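If you want the building blocks of each chain, they are given just below.
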Amino acid sequence: WTNAGGDRLWRTAANWSGAACPNSLDKAAIRNQAILGPIIDSSTIAVVNEIVVGDWGSTADTLDMTGGTLTTSGPNCWLIFGYYAGNNGTFNISGGTVTIGDNLFVGFSGSGTLNMTGGSIIDTGTFGIAQMPGGTGTVNLHGGTITANGTFNMGSGGRMDITTGTLILAGDQRTLVSGYISSGLITAYNGGGTVNVDYGNLNPGKTTVTAKAALAGDIDKDGDVDIDDLALFTNEWL
């Protein structure tokens, strides 16, 4: 990525080294914090083999998506934000569809951030947040849907906050997700809401993770206001 064309559009050939947009055989590398990263808009159909955002000596790289489609295909087709220690990659998505043929890593050995307010991400392989020891990853799922049809895992440096977004996982992952919630790795409304975990009802054969905003009077923060909250309130009265 060079942004030599100056418009930041992924689909502008002049913005890439060699003056050619990457194709399904290429690794698209966004790794120069001195320039602004690409924008994938509603007129873009991007198909590559691999994408890295935040690599080499770069400390702040971005990829923005407002529409269109982004697909990684072929052998070892992955999308990584924050590859090495010291690297930082951020993905801001408000629309469009991302389809990843293999792995999605938000924070590999470096630091990755996914800010999602709309659109759809579908991952076939491993969806990892803070994948390697020392890596950090933050997913702000504040809209849109992430569907992980393979493995889902979070390292100790990982965080996911859910508001109006939805996370869909393959199979029954209630125990795994509940563990992340108990550990504080997955929160709702920045800790002020309730994380809901459903298996099979919303999506047959899948685990669906959503969030519910805090209710006034929900003292025990179980997602409703009932006699238990009244009991806690009266027990502390005066």
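Residues numbered from 1 in each chain as written. Predicted model: local features only at pLDDT ≥ 70, side-chain atom pairs only at ≥ 80, totals over all residues. Heavy atoms only, no water.

**Student:** In this structure, what is going on with empty space enclosed by the protein? I would like to understand it.
**Tutor:** Rolling a probe over the atoms, with the probe sized like a water molecule, indicates the empty space that remains. With the rule as written, the count across this model stands at 1 cavity of 30 Å³ or more. In this structure, the largest cavity encloses a volume near 30 Å³. Together, G192, G193, T194, A214, L215, D218 and K221 line the largest cavity. Of the residues in the lining of the largest cavity, the class split is 2 nonpolar, 3 polar and 2 charged. (1 Å grid on protein atoms, 1.4 Å probe; cavity = no way out; pocket = protein on both sides within 12 Å on 5 of 7 lines; lining within 4 Å. Points joined across faces, edges and corners; volume = space filled by probe spheres on them. Nonpolar A, V, L, I, M, F, W, Y, C, P; charged D, E, K, R; others polar.)

**Student:** Explain the pattern of salt bridges to me, please; I cannot follow it from the model alone.
**Tutor:** A pair can form between side chains of opposite charge whenever their charged atoms are brought close. The full count for this structure, using the stated rule, is 4 salt bridges. R11 serves as the salt-bridge partner of D41, at 2.8 Å between the closest nitrogen and oxygen. Taken together, the residues span a long stretch of sequence, with D41 in the loop between β2 (39-40) and β3 (45-48) and R11 in the segment before β1 (27-30) at a distance of 30 residues. Look at D41 and you get buried, because its relative accessible area is 13%. One salt bridge connects D172 with R174, and the closest N-O pair in it is separated by 2.7 Å. Judged by its relative accessible area of 40%, D172 falls in the partly exposed class. (Salt bridge = Lys/Arg side-chain N within 4 Å of Asp/Glu carboxyl O. Helix = DSSP H or I, 4+ residues; strand = E, 2+ residues; numbered from the N terminus. Buried < 20%, exposed > 50% of the residue type's maximum accessible area, 1.4 Å probe, protein only.)

**Student:** How should the packing of aromatic side chains be read in this particular structure?
**Tutor:** Two descriptors summarise a pair of aromatic rings, namely the distance from one centre to the other and the angle between the planes of the rings. Applying the stated rule across the entire model yields 10 aromatic pairs. Between W78 and Y83 the ring centres are 6.2 Å apart and the planes differ by 45 degrees, which places this aromatic pair in the tilted class. Look at Y83 and you get partly exposed, because its relative accessible area is 21%. When the ring of F233 is compared with that of W237, the centres are 5.5 Å apart and the planes differ by 50 degrees; the resulting orientation is tilted. On the accessibility criterion, W237 (56% relative accessible area) is exposed. Taken together, the aromatic side chains of W78, Y83, Y84, F105 and F108 make up a single cluster linked through ring pairs. Positioned above the aromatic ring of W56, the side-chain terminus of R31 is 3.5 Å from the ring centre. (Phe/Tyr/Trp six-rings, centres within 6.5 Å; stacked < 30°, edge-to-face > 60°. Lys NZ or Arg CZ within 6 Å of the ring centre and 35° of its normal.)

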